[in-house]
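Examining the three-dimensional arrangement
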Amino acid sequence: MHASTRIALLGLLALPAATRAQDCPLPATIAADRPGNLTGPIVLAAGHLQAETGWSRSRAAGTQVDAVGTTLVRLGLGCGAELRLGFGGLTRTAAVGAAAASATYAPADAWMGTKLRVLRGAATRPHVALILGSLIPTHSAVSHARPEPEAALSAAWELPHGQALVAYGGLAGRWVADHAVGEQLRGASWAFAIGPVGSFLEYSEFARADATARYVGTGLTVLPRASVQLDASLLVPLPRAGADPILGLGLSRRW
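Here, residues in each chain are numbered from 1, in the same order as that chain's written sequence. With the structure being a predicted model, the display of local features is reserved for residues of pLDDT at least 70 and the display and counting of side-chain atom pairs for 80 or more, all residues being used for whole-chain, interface and lining totals. To obtain the side-chain values, all non-hydrogen atoms of the structure were included, while hydrogens and water were left out.

**Section: the overall build of the protein chain**
- Under the scheme used here, helices are H or I runs from DSSP no shorter than 4 residues and strands are E runs no shorter than 2 residues, and both carry numbers assigned from the N terminus. Secondary structure assignment for the protein chain yields 1 helix and 14 strands.
- Throughout, radius of gyration means the C-alpha value; the globule benchmark is 2.2 Å times the number of residues raised to the power 0.38. Computed over its C-alpha atoms, the radius of gyration of the protein chain comes to 18 Å, within 12% of the 18 Å expected for a compact globule of 255 residues.
- Using a 1.4 Å probe on the protein chains alone, a residue whose accessible area is under 20% of its type maximum counts as buried, one over 50% counts as exposed, and one in between counts as partly exposed. Of all 255 residues assigned to the protein chain, the portion counted as buried reaches 42%.
- For this analysis, residues touch if any pair of their heavy atoms sits within 4.5 Å. Relative to all contacts within the protein chain whose residues are 6 or more apart in sequence, the contacts with residues 24 or more apart total 50%.

**Concerning the packing of aromatic side chains**
- Pairing of aromatic side chains here covers Phe, Tyr and the six-membered ring of Trp, requires ring centres within 6.5 Å, and sorts the geometry by plane angle: under 30 degrees stacked, over 60 edge-to-face, intermediate tilted. Tallied over the entire structure, the rule returns 2 aromatic pairs.
- Positioned above the aromatic ring of Trp-175, the side-chain terminus of Arg-146 is 3.8 Å from the ring centre. Lysine NZ or arginine CZ positioned within 6 Å of the ring centre and within 35 degrees of the ring normal marks a charge as sitting over the ring.

**Focus: the pairing of strand β2 (residues 63–78)**
- Pairing between strands is defined by DSSP: at least two bridges between them are needed. Note: strand β1 (residues 49–60) against β2, 12 bridges, orientation antiparallel. Across the sheet, the residue bridging to Ser-58 is Val-65, located in β2.
- Between β1 and β2, which follow one another and run antiparallel, lie 2 residues, and Ala-61 among them has a positive phi close to 55 degrees.
- Inspection of the sheet shows β2 paired to strand β4 (residues 90–95) by 6 bridges, in the antiparallel sense. Paired with Thr-63 across the bridge in β4 is Ala-95.

**Quick look at the environment of Leu-165**
- Mapped onto the fold, Leu-165 is located in strand β9 (residues 163–176).
- Assessed through its relative accessible area of 37%, Leu-165 is described here as partly exposed.
- For the pair Leu-165 and Glu-202, spaced 37 residues apart in sequence, the C-alpha separation works out to 9.9 Å.
- Apart from the residues lying within four places of it in its own chain, the contact partners of Leu-165 are Ala-155, Ala-156, Trp-157, Leu-159 and Ser-189.

**Points about a nonpolar patch on the surface**
- In this analysis, a patch consists of residues with relative accessible area above 30% that form no salt bridge, clustered at 9 Å for like charges and at 5 Å for the nonpolar side chains Val, Leu, Ile, Met, Phe, Trp and Tyr. Only the protein chains shown count as cover for residues, with accessible areas throughout obtained via the Shrake-Rupley method and a probe of 1.4 Å. A pair is scored as a salt bridge if a Lys or Arg side-chain nitrogen falls within 4 Å of a carboxyl oxygen belonging to Asp or Glu. Taken together, the side chains of Leu-49, Val-73, Leu-75, Leu-77, Leu-83, Leu-85, Met-112, Ile-136 and Trp-255 define a hydrophobic patch exposed on the protein surface, amounting to about 740 Å² of accessible area.
- Breaking the nonpolar patch down by element, the ones donating at least two residues are β2 and β3 (81–87).
- It is β2 that contributes the most residues to the nonpolar patch, 3 residues altogether.
- Positionally, Leu-85 belongs in strand β3.
- A relative accessible area of 34% places Leu-85 in the partly exposed class.

**Some points on the confidence of the model for the protein chain**
- Scored from 0 to 100, pLDDT records how confident the predictor is in each individual residue. When pLDDT is averaged along the protein chain, the result is 89; 91% of the residues meet or exceed 70.
- Segment residues 2–22: pLDDT under 50, and 71 contacts once partners within four positions in sequence are set aside and those in other chains are kept.

**Some remarks on the side chain of Ser-189**
- Assignment of secondary structure puts Ser-189 in strand β10 (residues 179–194).
- A polar contact of 3.3 Å, which involves the side chain of Ser-189, links it to the backbone oxygen of Leu-201. The term polar contact refers here to a pair of N or O atoms within 3.5 Å; inside protein, the definition further demands a hydrogen-donor-capable atom paired with an acceptor-capable atom, and it admits residues adjacent in sequence only when both atoms are side-chain atoms.

**Section: the pattern of salt bridges**
- Applying the stated rule across the entire model yields 15 salt bridges.
- A salt bridge links Arg-84 to Glu-82; the shortest N-O distance between them is 2.7 Å. By the burial criterion, Arg-84 is buried, and Glu-82 matches it.
- In this structure, the salt-bridge partner of Arg-174 is Glu-150, at a minimum N-O distance of 3.2 Å. Within this pair, whereas Arg-174 is found in strand β9, its partner Glu-150 is found in strand β8 (residues 148–159), the two being separated by 24 residues in sequence.
- The exposure class assigned to Arg-174 is buried, which follows from its relative accessible area of 11%.
- Sharing partners across several salt bridges, the network here consists of Asp-33, Glu-52, Arg-74, Glu-82, Arg-84 and Lys-115.

**Considerations on the pairing of strand β7 (residues 127–136)**
- For β7, the buried fraction is high: 7 of the 10 residues fall into the buried class.
- Bridge analysis of strand β6 (residues 110–119) against β7 gives 9 bridges, and the strand direction is antiparallel. Of the residues in β7, the one forming a bridge with Leu-116 is Leu-130.
- Sheet topology places β7 next to β8; 9 bridges connect them, and they run antiparallel.

Written out as C-alpha cells, the structure is:
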C-alpha cells in the first residue's frame, strides 16, 4: 500500500457526507493500492472507477525480469465493497547483459476478487477491510498452474502530523508442482508526508513451510491533481543473496 493511500485515511472523517445516493464517503485525494507489497483497507466509493498500472524490474541469479502494464482495476459497488480485477502485465525475461533477441515474452497471471469494509476508523479505532480473491492462471510460460485463492485482513491507524500505520496479514493457497502449500503474507508500513510528497517505509514477508522471502521497501508518491497519482518505489530483498532491489514506477487514476 502506497503513501497517498495512507495519507488519504486521515481525511476520511472530515469529508462531506454523501458523494452518492448511498452516502459513501470519497477521500479528498486518490487512495491507490500501489506501490509496495501491502494493500490498504480503503474501499473505493460506490459508482467510482479506479485504474492503477505500472512497470517493475527485478534481477536475481543472473536473470532480469521486466513486467510492463501490471494493472489493477477497482470498481466501487457500494459503501463497503469493491470489485477488483488485476493483471500481472507482460513479462520480459532475459539473462543480464544478453542480446535483446534472446529475451522471452509472456503474459503474467490475472487476479479477481473483492475488498469489503469491516470497520470504519474513528479516533484510535482502525479502518479494517477484508480482501478476498483468487489468482487466475493464463497458462503462459511464467504462469502458475492452477487458480490460487487468497484472503487477507488489512488495518490502518491514523496518527498525528499526517502519518498512518498499516498492519496486514493474509493467507494464500499455492501450488508447487502437484503439491498444495500454504503461503502467508504479512507486514507493516508507516506512511508520512515530506512536504507535498508522500513516502513510506514497509516491511513484508512471504512465508511458506520451507522458506520465507523478506523485503523492506520505500517510495514516493506525487499527486499532480486529486484524482491522479504518480509513484516510484524500491523493494530490497533480505538478505540480498544475489537478488537486486526491485524497482517500480506507476500511474493511478480515479474517475
